[in-house]
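Architecture and fold: a report
This is what each chain is made of:
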Amino acid sequence: MRIGIIAPPWLRIPPSGYGGIESVVDSLAREFAAAGHDVLLAGAEGSTCPVDHVRGLPAQELTCLGANIDELAHSVLAHEALGDVDIIHDHTLAGPLSLHRPPGIPLVTTAHGPLTGAFRTLYRAIAMHAPLIAIARHQAVGAPEVRIRQVIHHGIDAATVPVGSGDGGYACFLGRMHPDKGLHQAIEIAREADVPLRIAARVQGGCECEYFESVIKPLLQPPVEFLGELTAHEKYDLLGGAVALLNPIQWPEPFGMVMIEAMAAGTPVIATLRGAAPEIIEDGSTGFLRSGNRQLAAALRQAESLDRARCRKVTETYFSAERMAEEHLRLFAEVIDHQPGRRGSPVPAS
């Protein structure tokens, strides 16, 4: 197959630091190419994913992350450049709604955000015209009026992640500087458990800066340490040395890449019972799922009893990038095969 992939326009593929969607796009592009398919990626200027790239897409300011006009312009140019592929996999929100899509080429899109509020309205409209992939069962079940073609969990190439020993004597937190991510709660949990906490988080935009300055910064006293945003290499070093990842999310997060990144490093996850966490974490095996800070603190104190080899094994099998790509390729082949007036028979998916 000739597969066109459209990524959001703000972060490079792969991302140098934070970037869950971009990490997924990078893994998919590499796995599709490794399976023998031709891949053309429309991503942020300067992307280094080792596949063919759409050239000439303007660089977008990271400070404008999420700006509709930037994504709209990016989507129009990307679709213009993908007029000779067999299928387009669009990871933007604007692209699947565009009237500028090349005619006769099927498009599949992935709902990376929550299927709630305005997102539900938009994805319901998208799903009427293009197969929609959900990234967790919880995400799909929560919006029964949105037509979901298939649920495909994210995956990761565990071979790129060094296994850590967890001997650093600390717990860690990774994520955006947003109340939904539960950093305030993570600090309280770590103090309750008497476990040092190392925080790697991006602080960007007015809301994140305000939350950091007013809520988090006053709490940054030993043994709580703020590291800022880390590179991928630094991130995996931090995860590998941690006894556990603290992930007390305060909203129904659609997936949560950080959890499988932690498990790839051999690090169990202590998380709240929200969103997709129960689909990712095996309670009592690869982590603990609890409600309330006191229960989470008690679980953190037990984290060293968990089998780090089991955490790694789960990412090498079910949460592998290869499994994720294979499920996408089977879906792509089905969609192409049922495309009216298709130009030829697709190559069977690997």
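Let me sum up the structure you'll find in this document. Bear in mind that the values here come from a model prediction, so they are computed numbers and not experimental data. (Residues numbered from 1 in each chain as written. Predicted model: local features only at pLDDT ≥ 70, side-chain atom pairs only at ≥ 80, totals over all residues. Heavy atoms only, no water.)

1. Observations regarding the state of the cysteines
A complete count under the given rule lists zero disulfides for this structure. Cys311 provides the cysteine sulfur closest to Cys172, a residue in no disulfide bond, and the two sulfurs are 12 Å apart. Among the cysteines around Cys209, which has no disulfide bond, Cys207 carries the closest sulfur, lying 9.4 Å off. (Disulfide = S-S within 2.5 Å.)

2. Quick notes on unusual backbone geometry
Across the junction of Ile13 and Pro14, the peptide omega takes the value -5°, indicating a cis bond. As for its position among the elements, Pro14 is in the loop between strand E1 (2-6) and helix H1 (20-34). Each neighbour pair has its own omega, and for Pro222 with Pro223 the value is 10°, a cis peptide bond. In the Ramachandran plot, Asp194 falls in the positive-phi region, its phi being about 60° despite a non-glycine side chain. Within the secondary structure layout, Asp194 lies in the loop between helix H5 (183-193) and strand E9 (197-202). Note on Asp194: relative accessible area 68%, which makes it exposed. (Helix = DSSP H or I, 4+ residues; strand = E, 2+ residues; numbered from the N terminus. Buried < 20%, exposed > 50% of the residue type's maximum accessible area, 1.4 Å probe, protein only.)

3. Looking at the environment of Ile88
In this fold, Ile88 is placed in strand E4 (residues 87-90). On the basis of relative accessibility, which here comes to 1%, the residue Ile88 falls in the buried class. Note: C-alpha distance between Ile88 and Thr109 (21 residues apart in sequence) is 8.2 Å.

4. Some words on the pattern of salt bridges
Enumeration according to the criterion identifies 15 salt bridges in this entry. Across the salt bridge formed by Asp26 and Arg30, the nearest N and O atoms sit 2.8 Å from each other. Placement of both Asp26 and Arg30 in helix H1 is noted, with a separation of four residues, approximately one turn of the helix. The closest approach of N and O atoms between Arg149 and Glu334, which form a salt bridge, is 3.5 Å. (Salt bridge = Lys/Arg side-chain N within 4 Å of Asp/Glu carboxyl O.)

5. Considerations on the sheet that holds E4
Strands sit in the order E3-E2-E1-E4-E5-E6-E7 across an open sheet of seven strands; the sheet is parallel. Each edge of the sheet is formed by a strand with only one pairing partner; in this case those strands are strand E3 (52-53) and strand E7 (150-151). Note that strand E2 (residues 38-42) and E3 share two bridges and pair parallel. Within the sheet, the bridge partner assigned to Leu40 lies in E3 and is Asp52. (Pairing = 2+ DSSP bridges.)

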